[in-house]
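Architecture and fold: a report
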Amino acid sequence: MIPLIEAHNLSKHFGGRGWFGRGRPVQAVNDVSISVARGEAVGLVGESGSGKSTIGRLMLGLIPVTSGEIKLDGQKVGAAHGDHARRLRRRMQLVFQDPYSSLDPRRKVGDQIADGLVIHGIAQGDEAREMVKALLGQVGLPTAHADRYPHEFSGGQRQRVGIARALAVKPDFLVADEPVSALDVSVQAQVLALLADLRNRLGLALLFISHDLPVVRSLCDRVIVLYLGRVMEEGPVEEVFANPRHPYTRALLSAAPSLDPGKRRTRILLKGDPPSPANPPSGCVFRTRCPWALPACAEAVPARRAAGPGHDFACLRDLDP
Ligand SMILES: Nc1ncnc2c1ncn2[C@@H]1O[C@H](COP(=O)(O)OP(=O)(O)OP(=O)(O)O)[C@@H](O)[C@H]1O
Ligand code: SF4
Ligand SMILES: [Mg+2]
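Attention in this report is confined to the structure presented alongside it. (Residues numbered from 1 in each chain as written. Chains lettered and ligands numbered in written order. Predicted model: local features only at pLDDT ≥ 70, side-chain atom pairs only at ≥ 80, totals over all residues. Heavy atoms only, no water.)

For the structure on display, the rule yields one cavity of 30 Å³ or more. Approximately 70 Å³ is the volume attributed to the largest cavity. Tallied by class, the residues present in the lining of the largest cavity amount to ten nonpolar, one polar and two charged. (1 Å grid on protein atoms, 1.4 Å probe; cavity = no way out; pocket = protein on both sides within 12 Å on 5 of 7 lines; lining within 4 Å. Points joined across faces, edges and corners; volume = space filled by probe spheres on them. Nonpolar A, V, L, I, M, F, W, Y, C, P; charged D, E, K, R; others polar.)

Written out as C-alpha cells, the structure is:
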C-alpha cells in the first residue's frame, strides 16, 4: 500500500539545557518510523509515558521534531509556511481523549464545528450551517443539537461532536489519541464503530493511540508497540497478537486476559515502573524489566528483525512460541 503519511526516524527530546546547562533531555521519542495508508488504521500502544501522544503531535506538525522527517503525500510537514502549511494542517486532524477540554463551554457546538469551515475558507453563513447539520448526521447526532452547549451532551455525544469537528475540514489523516478511554464500555463500542465506519466510508488514514489492546485489535490493521519512546515490535494486528515475538509485547498481551478467553496465556508480570526517559538503560531499553534479559542485552541496541511479512521486532533472543 502507498503510504499517505510517512514519518522517518522521528526523535523528540524535551528540555535538557535547564539552568546553567544542567539536566538531561527527556528522550520522549527515539528513531521511530511510521507510515499509514489511506483507509488504514494503525494502532500505537504502550504504557503511560511511552511517547504515544508525542508521536501523534509530531506527525500532525503540532510540535517540532528534534530529528527526522514527516511527509504527507510526499510533501514535507513542518517545513511548510503560510498558505501551504494551512492546507497541510487542514488535511490532518486530532481527536482528543476528552473533547470537553477542547470545546469552549460558552459557545454552541454548531458554531464550534463551523469554525474549521470558516478558517479554511471551505464555507460560511448558511452553507456552513448546512454542512454542520450534515456532519452531525454523519456522527449520529440530531441536527438540532447544533444549538446546544457542550455541557448539554453526554460524554459519548461530546466525543461525537469532537469527531464531527475534526471531520468538518475533510481531513485525510486522523490521529485519535485515546478517543474512548474516558467513556463507558457500551458508549465506547458505539464511538469505535463510528470511527471504523468513517474510516471505511471516507478512506481516512487513522493513527489510533490506545493502551487498550482488545480495542486496537478490533479496530486496527497494524499495530506498533512502543516502550520508552522506541518501537519494540510492529506488524499486522492478527499476526502480532497471535505470535508476539518481543517480551514486552508478550507482557502487554498477557495482562489483557479478555483478548482470547479460550486461550490461557501465562501472565508475565513486569516489575516496577519504566525507567526515566531522561536516563534510559544502555543496550535494550527494556532490559531492566525483561524476564529474559541476558548480559549481552546491556551491550548494544537490538536491531529490528523480521518475523514475517510486515512483522518485525527488536530483541536479541528467540523465545519459544
Ligand atoms: N512538553 C513536554 N515537556 C517535557 N516532557 C514531556 C513533554 N511532553 C511529554 N513529555 C514526556 O515525554 C514522555 C512521553 O510522553 P507522552 O505524553 O508522549 O506519553 P504517552 O505514551 O502519550 O502517555 P499516556 O499513556 O500517559 O498518555 C513522558 O516521559 C513525558 O513526561
Ligand atoms: S533484547 Fe534482551 S532485554 Fe531486550 S527484550 Fe530481548 S531479551 Fe529482553
Ligand atoms: Mg498520551
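Turning to the site of ligand 1, a few remarks are in order. Residues in contact with ligand 1, as listed here, are Phe14, Val26, Ala28, Glu47, Ser48, Gly49, Ser50, Gly51, Lys52, Ser53, Thr54 and Pro277. In this structure, Ser50 approaches ligand 1 through a main-chain N or O atom, which is 3.2 Å from an oxygen atom. Here Lys52 contributes a side-chain N or O atom positioned 2.8 Å from an oxygen atom of ligand 1. When contributions to the shell around ligand 1 are tallied by element, the ones reaching two or more residues are strand 2 (26-37) and helix 1 (52-59). Ranked by residues supplied to the shell around ligand 1, first place goes to helix 1 with three residues. (Near = heavy atom within 4 Å. Polar contact = N/O pair within 3.5 Å; in protein donor to acceptor, adjacent residues only side chain to side chain. Helix = DSSP H or I, 4+ residues; strand = E, 2+ residues; numbered from the N terminus.)

Another aspect to go through is the layout of surface pockets. Taken as a whole, the largest pocket holds about 500 Å³ of empty space. Lining the largest pocket are 20 residues, and of these Gln93, Leu94, Phe96, Arg165 and Ala166 lie nearest its centre. Elements with a contribution of two residues or more to the lining of the largest pocket: strand 6 (92-95), helix 3 (99-102), helix 4 (109-119) and helix 6 (155-167).

Around ligand 2 sit 13 residues in total, of which Cys284, Cys290, Cys297, Cys315 and Leu316 are the nearest. Taking a 2 Å distance to the grid points as the criterion, the majority of the atoms of ligand 2 fall inside the largest cavity. (Sits in = over half its atoms within 2 Å of the grid points.)

It is worth spelling out the pattern of salt bridges at this point. All chains considered together, the criterion is met by 21 salt bridges. The salt bridge involving Arg129 is made with Asp126; its shortest N-O contact spans 2.9 Å. Residue Arg129 and its partner Asp126 are located together in helix 5 (residues 125-138), separated by three residues, close to a single helical turn. Just as Arg129 is exposed, Asp126 falls in that class too. Put simply, Glu130 and Lys133 hold a salt bridge, and the shortest N to O gap is 3.6 Å. (Salt bridge = Lys/Arg side-chain N within 4 Å of Asp/Glu carboxyl O. Buried < 20%, exposed > 50% of the residue type's maximum accessible area, 1.4 Å probe, protein only.)

Our focus in this paragraph is the packing of aromatic side chains. Applying the stated criterion across every chain, the model contains three aromatic pairs. On the basis of an interplanar angle of 80° and a centroid distance of 4.9 Å, the ring pair of Tyr227 and Phe286 is categorised as edge-to-face. Taken together, the positions of Tyr227 in strand 9 (residues 222-227) and Phe286 in the loop between helix 10 (247-254) and strand 11 (305-308) put the pair 59 residues apart, joining distant regions of the chain. Per residue, the accessibility class of Tyr227 equals that of Phe286, and both read buried. (Phe/Tyr/Trp six-rings, centres within 6.5 Å; stacked < 30°, edge-to-face > 60°.)

Remark: helix 4 packs on helix 5, axes separated minimally by 9 Å, with the N-to-C direction vectors making an angle of 110°. Viewed along their axes, helix 4 and helix 5 adopt a mutual orientation that is roughly perpendicular. Crossing angle aside, the handedness with which helix 4 passes helix 5 is right-handed. Contact residues: Gly110, Ile113, Ala114 and Leu117 in helix 4; Ala128, Met131, Val132, Leu135 and Leu136 in helix 5. Residue composition of the contact of helix 4 with helix 5, grouped by class: eight nonpolar, one polar and no charged. (Axes fitted to C-alpha atoms, helices over the stretch in contact; angles between N-to-C directions. Parallel < 35°, antiparallel > 145°, perpendicular 65-115°, else oblique. Left-handed = near helix turned anticlockwise from the far one by under 90°. Contact = heavy atoms within 4.5 Å.)

Turning next to the nonpolar core. Soluble globular proteins: nonpolar side chains tend toward being buried together. Core analysis: the biggest nonpolar cluster contains 58 residues, and Ile113, Ile163, Phe208, Leu213 and Phe241 have the highest contact counts within it. Apart from residues no more than four positions distant in its own chain, Leu213 is found in contact with Val45, Phe241, Leu252, Leu253, Ala256 and Leu259. If you look at the next biggest cluster of nonpolar residues, it comprises 29 residues, including Ala7, Ile55, Val77 and Val231. (Core = buried A, V, L, I, M, F, W, Y, C linked by side-chain atoms within 4.5 Å.)

Read from one edge of the open sheet, eight strands run 6-7-8-3-9-10-12-11, paired in mixed fashion. The open sheet terminates on both sides in strands that have one partner only, identified here as strand 6 and strand 11. Within this sheet the neighbouring strands show an average axis-to-axis angle of 20°, counted without direction. Here four bridges tie strand 3 (residues 41-45) to strand 9, and the two strands are oriented parallel to one another. Its bridge partner being in strand 9, Leu44 is matched across the sheet by Ile224. Most of the contacts of helix 10 go to strand 9, to which it runs at about 105°, and overall it touches strand 3, strand 9 and strand 10 (230-236). (Pairing = 2+ DSSP bridges.)

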